[in-house]
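# Breakdown of the fold
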Amino acid sequence: MMSRNLILGGVLTGVFAAAALISFVWTPASVETMNIAARLQLPGAGHLLGTDHFGRDILSMLMVGARTSIAVALVAVGIGMGLGVPLGLTAAARSGGFLDEAIMRMNDLIFAFPSLVIAILITAVFGPSATNAIIAIGIFNIPVFARITRGAALSLWKREFIMAARVAGKGRARISAEHILPNIANLLIVQGTIQFSLGILAEAGLSYVGLGAQPPTPSWGRMLADAQTMVSLAPHVALIPGLTIVAMVLGLNLLGDGLRDALDPRLKVARA
Amino acid sequence: MSLLDIDTLSLAIFGKPILKRLSLTVEEGEIAALTGESGSGKSLTAFATMGLAPTGSRMQGRIAFGGTDLLRLPERAMCDLRGRQIGMVFQEPMTALNPVQTIGAQVMETILVHKAMPREAAKARAREVLARVGLPPARFPLSRYPHQLSGGQRQRVVIAMAIALRPRLLIADEPTTALDVTTQAQILDLLKTLVREDGMALMMITHDLAVVSDMADTLHVMRHGEIVEAGRTAEVLRDMRHPYTRQLFDASRHRADLGAKDIGAPLLSVRNVSRDYPAARKSLFGKPEPFRAVDTVSFDIRHGERVGLVGESGCGKSTLTRAILGLEPVQEGQITLGGEPVWTDRANLAIRRRMQVVFQDPYGSFNPRHKVGRLIAEPFHLLPDPPRGGARERAIGAALASVGLAPKDADRYIHAFSGGQRQRIAIARALIIKPDLIVFDEAVSALDVRVRAQILDLMADLSRDHGLTYLFISHDLGVVRSITDRVLVMKAGRIVEDRPTKALFDAPKHPYTRSLLAAAPTLPPPPETRDAAQASL
Amino acid sequence: MLRFVVKRLLSLALSLIVASGVIFLVVEVAPGDPASFMLGINAQPETVAALRAELGLDQSRLARYLQWTGGMLTGDFGTSYTYRTPVAQMIADRLWVSLPLALYALALSTLIAFPAGILAAARRGRPADIGVMGATQLGVAIPNFWFAMMLVLIFAIQLRWFSAGGFPGWDAGFFAALKALTLPAIALALPQAAILARIMRSSLLDILGEDFIRTARAKGLTARQALWRHGVRNALIPVLTIIGLQFAFLLAGAIIIEQVFFLPGLGRLIFQSITQRDLIVVESVVMLLVFAVIMVNFLVDLAYAAVDPRLRLRA
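Another aspect to go through is the overall build of chain C. Counting its secondary structure elements, chain C contains 13 helices and 0 strands. Listing every helix and strand of chain C by position from the N terminus yields α-α-α-α-α-α-α-α-α-α-α-α-α. Projected onto its principal axes, the C-alpha positions of chain C cover 85 × 55 × 35 Å. The proportion of buried residues among the 315 residues of chain C is 52%. Across chain C, every contact between residues at least 6 apart in sequence was considered, and the portion connecting residues at least 24 apart equals 74%. Looking at chain C as shown, the accessible area adds up to about 13900 Å², and 67% of this sits on carbon and sulfur atoms.

Here's what the structure looks like:
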């Protein structure tokens, strides 16, 4: 079943992914060339989305910025899934045991640090960079995936087909890999989409306060930070990057909802 | 004029017809039973009468209650009617009550929402009505929460809510299906008493013919959204004009042909086995007292024997099953199969491959992502040298054939099969490594009577033809009686009686066994057989 | 109930100990010595050593950790390396901005989300539901700092109803201060309200599918009565968790919004301290935020027990 959400979300996400990929080989203008004479131009024929305070082409900057945003969010989701899912599976397989308790306590501990505080601590120690933004967002993704994996896996462990597999002599690790993981894959894909969109927002926030990708790498958050002082002179320099972030996040959320409905209407995904 | 007169009621949900021109009447002071297999539309008839049919329902016809057509009544007037004139009792008492409100508040709500009396009077009435359903205020104050009560007690609260304003009609939708047999008998007695004392009418929905034949004045047999036979209960039981009615009764009474079998040497031996679970602490610094789920249990199962294990929920039969299968260790005693322990420091795989299990839920016991061939071959994992390639295919085909399915079914997914077929596949999975012992854990409890009869026949065939030994665990005495040579009765972790099936059912010794047998509703003996021409009319 | 509280208190204490350890260790490995940073690159080694001794940096790590945590227990957070004033005083000043802001935003978010979520659930599939869901879909996609910029553009620059930033202090009068916090609170609250409304709706819809709602209808309650009397209180259980998480987020997440509006809150304090390598302030502010999160979760657990009688017994 192809829902409207799925199509709209897929198209929006596809457009941004394509823009990011195309930016590797072509952009309408160079993002490094400054042209003070042509600064703060409104969207028009010469520059489709206008220029910023240094006269750089906004469309080109957005395309290259998409690269940063997507890369940061994607790797952060990868970290969260790569560590969180095995931890969650282990906790569920050892439910009630020492490992379960230890993993869940660790989760709670990470949850106690708001993601922004983690980012600030990391940048306080290692200095601001895109890599550190990835680590900060990624660390926060680990307990999200661990918790959702454990919850879903626990309810599967109670099912009779798992009991049947145990009667067939299979060990916990093998059951986790063979029976549990494939049955929660849909859930993880949907949660992954949502964490991806949260990652885009978090990256924008961090680079807005200067803790993300450093100049000259263009990033959506810093475009907004730069635009802040010009907002009364040229509202479009703030409006356009902001709407871009909204469209990207909206697209991913719609894709997540659409995937959830298409894959399994009974899936419960945490939207916090 | 009948109290309830349903006339040519048709109901479709999102265009799919569910009830087809259904007519029935219920008189004041009378118990009318609506029976049929799952999907026959009997519960939906109840909800349609309450005006609570699911969204997307479209109805035609008439549901006249005391002369008023409920289908044409505005929602506001329908709300006034519900709870005051028509009460309802549901199947699942564990979820039918709001967990965050006291039972007093929930019973009083029926009274207060209809503004039938002031608050203090409503409180007094709530106490009175709870006492009437067997929850005296001294032991069950209004301040109790649902989670502090057992399933049977919760069902009493639901009944109290339904009768608080003395409705003229009470609808009970499978009110005892989720309860143990002794609790079931008590709840049925309570309903009968209420009907007799208050002159209330009762419309009772149930799949259990034994329950119906015991208490109903009229009987309506439903199938595919239609009533195929209706009349006074005694007459319906005597005449059985419709073949479907006859099939239902025959299947309910069905006894599998076990045949005589040679009983060999002891196979499974359970010796003084106990299993404790850590329990919640009573006080903060007190020592937690463990809960003994299985208490010094001993018995043997011999080669070729077919043994039943009966007991009510919480008696420890599931724990004992897990211990026998070697899924969990025991604290005391030993379980051996053919002389080898099933658990040493860890599960003994060499022993485990000689036992298999068939579970209750035909929907939950298969991984939905695998094909049938892979599903039933899973126990091969236990073998040191499992068959491969052609040998594997042949083994899968043979296992499917032995349960009456085709070898080509191996290539289909599990969702393509009905509940009965799934149970056959579960048996094929158990048979594939030719185990010495199969444990049937409530294996027919979720099936409709006619399918259940077929699966019981299959078990009997397999035990006769393949020399199968099995342990059949069930809460249903009738089924256990029809499929076993010997029965173990379990109560509070102990085996209280262990005797040959016939002897135990004919002359139970232990008082608990006697109370179980007394509580179990029974079907009347079959009417003498009429010729086929008359039966098919 | 007592057992429940005691057990929660023990785990709360344990979390705080571990969290303080983690924060201390992370800040310890930070490159750069505060003393040399404060004195500049041309400072004499002897001066640096003297300053290190004065700041207590020459003691062992364990001693410093115990001194730091022990001090916090008595309300002594140490002395700022940069300003030479008590950290506790600095934090208290900033808390007078951040805490009211977070509470203001939380109140707004809850006031918007509850009616919206309940309305959407009650009118499931109808225009009101579709409208609310569309608005929340947009709400969760908007970065709050950009939303803040747009609010400034419209309400401060164009309409001139509010000032674009800054905080007059509570001495300027309650309403003047509250007015200065209004745009930041809206910017923080709306995206949170969108999330909360979605959770309220889905939680309520789950509850409305429960058997006991059907029981209530069978008693003669109207759909609306069943929703309010039996639905909302049960639906609050998952919603409470989110409100707890949101408060923590609002306190820490205000960091970015404080930048947009130039508010002298905890967020700006932490940024200043990082650039000046005033690590003792960083440590203490982060610890305070973590303490707030853990504390709020504890209170949410207690609130659970108040809402759900089943939890009062088990722990």
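With that settled, the discussion passes to the interface of chain C and chain A. Interface size is often expressed as the accessible area that is lost when the parts come together. Across the contact, 43 residues belong to chain C and 37 residues belong to chain A. Of the roughly 3500 Å² buried where chain C meets chain A, counting both sides, 82% is carbon and sulfur surface. By the criterion of area lost to chain A, the three top residues of chain C are F145(C), W146(C) and M149(C), representing 17% of everything that side buries. On the surface where chain C and chain A come into contact, there are 1 salt bridge. R198(C) is the partner of D257(A) in a salt bridge, and the nearest nitrogen-oxygen pair spans 3.4 Å. The interface formed by chain C and chain A holds 4 residue pairs in polar contact (both at pLDDT 80 or more) in total. Those elements that place two or more of their residues in the side of chain C that touches chain A are α1 (2–28), α6 (127–141), α7 (144–158), α8 (174–208), α10 (223–261), α11 (266–275) and α12 (279–307) of chain C. With 8 residues, the single largest contributor to the side of chain C that touches chain A is α10(C).

Looking now at the packing of helix α14 (residues 419–431) of chain B against helix α15 (residues 449–466) of chain B. Residues and elements named next belong to chain B. The N-to-C vectors of α14 and α15 enclose an angle of 20 degrees; their axes lie 10 Å apart at closest approach. For the element pair α14 / α15, the angle class is roughly parallel. When the axes of α14 and α15 are compared, the crossing they make is right-handed. Here α14 contributes G420, Q423, R424, I427 and L431 to the contact with α15, which in turn contributes V451, Q454, I455, L458 and L462.

This brings us to the pairing of strand β8 (residues 201–206) of chain B. Residue and element names in this part refer to chain B. Most of β8 sits inside the fold, with 6 of its 6 residues counted as buried. Of the two faces of β8, the one holding A201, M203 and I205 and the one holding L202, M204 and T206 are both buried throughout. Pairing between strand β3 (residues 31–35) and β8: 5 bridges, direction parallel. Paired with L34 across the strands is I205, a residue of β8. Note: strand β7 (residues 169–173) against β8, 5 bridges, orientation parallel.

All right, on to the sheet that holds strand β12 (residues 291–302) of chain B then. All names here are of chain B. Taken in spatial order, the 4 strands make up an open sheet running β12-β11-β14-β15, and their pairing is antiparallel. Pairing within the sheet leaves two strands with one partner each, and these edge strands are β12 and β15 (340–341). By the bridge criterion, 5 bridges tie strand β11 (residues 266–277) to strand β14 (residues 332–337) in an arrangement that is antiparallel. From the neighbouring strand, R271 faces β14, where its bridge partner is Q334. Sheet strands touched by helix α10 (residues 317–324): β11, β12 and β14. Its angle to β12, the strand with the most contacts, is close to 60 degrees.

Residues and elements named next belong to chain B. All told, the structure shown has 46 salt bridges over all chains when counted by the stated rule. As a salt-bridge pair, K42 and E174 come within 3.8 Å of each other at their nearest N and O atoms. Of this pair, K42 sits in helix α1 (residues 42–50) while E174 is found in the loop between β7 and α6 (181–198), placing the two residues 132 residues apart along the sequence. This pair shows no difference in class: K42 is buried, exactly as E174 is. The salt bridge involving R271 is made with D300; its shortest N-O contact spans 3.1 Å. Taken together, the residues R271 in strand β11 and D300 in strand β12 connect sequence positions 29 residues apart. Relative accessible area serves as the criterion here: at 38%, R271 is assigned to the partly exposed category. Ionic contacts of the salt-bridge type, sharing partners, join the residues D276, R292, D295, E332 and R494 into one network.

Moving on, we come to the packing of aromatic side chains. One pass over the full model with this rule turns up 12 aromatic pairs over all chains. Note on F155(C) and W161(C): the rings are 5.6 Å apart at their centroids and 40 degrees apart in plane angle, and the pair reads as tilted. Looking at F155(C), the relative accessible area reads 24%, which means it is partly exposed. Cluster of aromatic residues (ring-pair linked, three or more members): F167(C), W170(C), F174(C) and F175(C). If you follow R67(A) out to its NZ or CZ, it ends over the ring of F24(A), 4.3 Å from the centre.

Turning to the interface of chain B and chain A, a few remarks are in order. Each partner contributes residues to the interface: chain B has 24 residues there, and chain A has 17 residues. Taken together, the two surfaces of chain B and chain A that pack against each other cover about 1800 Å², and 55% of this comes from carbon and sulfur. Sorting the residues of chain B by area buried against chain A places R369(B), E378(B) and H381(B) first, and these three jointly supply 32% of that buried surface. The interface formed by chain B and chain A includes 1 salt bridge.

The next subject is the domain arrangement of chain C. Residues and elements named next belong to chain C. According to the domain assignment, chain C contains domain 1 (2–73) and domain 2 (91–314). The interface of domain 1 with domain 2 comprises 19 residues on the first partner and 18 residues on the second. Overall, the association of domain 1 and domain 2 removes approximately 1700 Å² of surface from exposure, summing both partners, and the carbon and sulfur fraction of that is 80%. For the interface between domain 1 and domain 2, the tally reads 0 salt bridges.

Glancing now at the nonpolar core. Grouped together as the largest cluster of nonpolar side chains are 181 residues, with contacts concentrated most on F113(A), W220(A) and V286(C). Among the elements that make up this core, the one with the highest residue count is α10(C) (20 residues). Per-domain counts for this core show at least three residues from each of domain 1 (2–73) and domain 2 (91–314) of chain C. In terms of nonpolar packing, the next biggest core, distinct from the first, is built from 89 residues, F47(B), A216(B), L237(B) and V449(B) among them.

Moving on, we get to the pairing of strand β17 (residues 437–441) of chain B. Residue and element names in this part refer to chain B. Most of β17 sits inside the fold, with 5 of its 5 residues counted as buried. Covered by surrounding structure in β17 are L437, V439 and D441 together with I438 and F440, the residues of both alternating faces. Bridge count for strand β16 (residues 355–358) against β17 is 4 bridges, and the pairing is parallel. Bridge pairing in β17 places Q356 opposite I438. Examined bridge by bridge, β17 and strand β18 (residues 469–474) share 5 bridges and lie parallel to one another. Counted as the bridge partner of D441 is I473 from β18. Crossover handedness for the path β17 to α15 to β18: right-handed.

Here is what the cut-offs are and how they apply
- Residues numbered from 1 in each chain as written.
- Chains lettered and ligands numbered in written order.
- Predicted model: local features only at pLDDT ≥ 70, side-chain atom pairs only at ≥ 80, totals over all residues.
- Heavy atoms only, no water.
- Helix = DSSP H or I, 4+ residues; strand = E, 2+ residues; numbered from the N terminus.
- Buried < 20%, exposed > 50% of the residue type's maximum accessible area, 1.4 Å probe, protein only.
- Contact = heavy atoms within 4.5 Å.
- Areas by Shrake-Rupley, 256 points an atom, 1.4 Å probe, with all protein chains shown as cover.
- Buried area = accessible area lost by both parts, 1.4 Å probe.
- Salt bridge = Lys/Arg side-chain N within 4 Å of Asp/Glu carboxyl O.
- Polar contact = N/O pair within 3.5 Å; in protein donor to acceptor, adjacent residues only side chain to side chain.
- Axes fitted to C-alpha atoms, helices over the stretch in contact; angles between N-to-C directions.
- Parallel < 35°, antiparallel > 145°, perpendicular 65-115°, else oblique.
- Left-handed = near helix turned anticlockwise from the far one by under 90°.
- Pairing = 2+ DSSP bridges.
- Phe/Tyr/Trp six-rings, centres within 6.5 Å; stacked < 30°, edge-to-face > 60°.
- Lys NZ or Arg CZ within 6 Å of the ring centre and 35° of its normal.
- Domains from an automatic or database assignment.
- Core = buried A, V, L, I, M, F, W, Y, C linked by side-chain atoms within 4.5 Å.
- Right-handed = clockwise from strand over helix to strand, strands pointing away.

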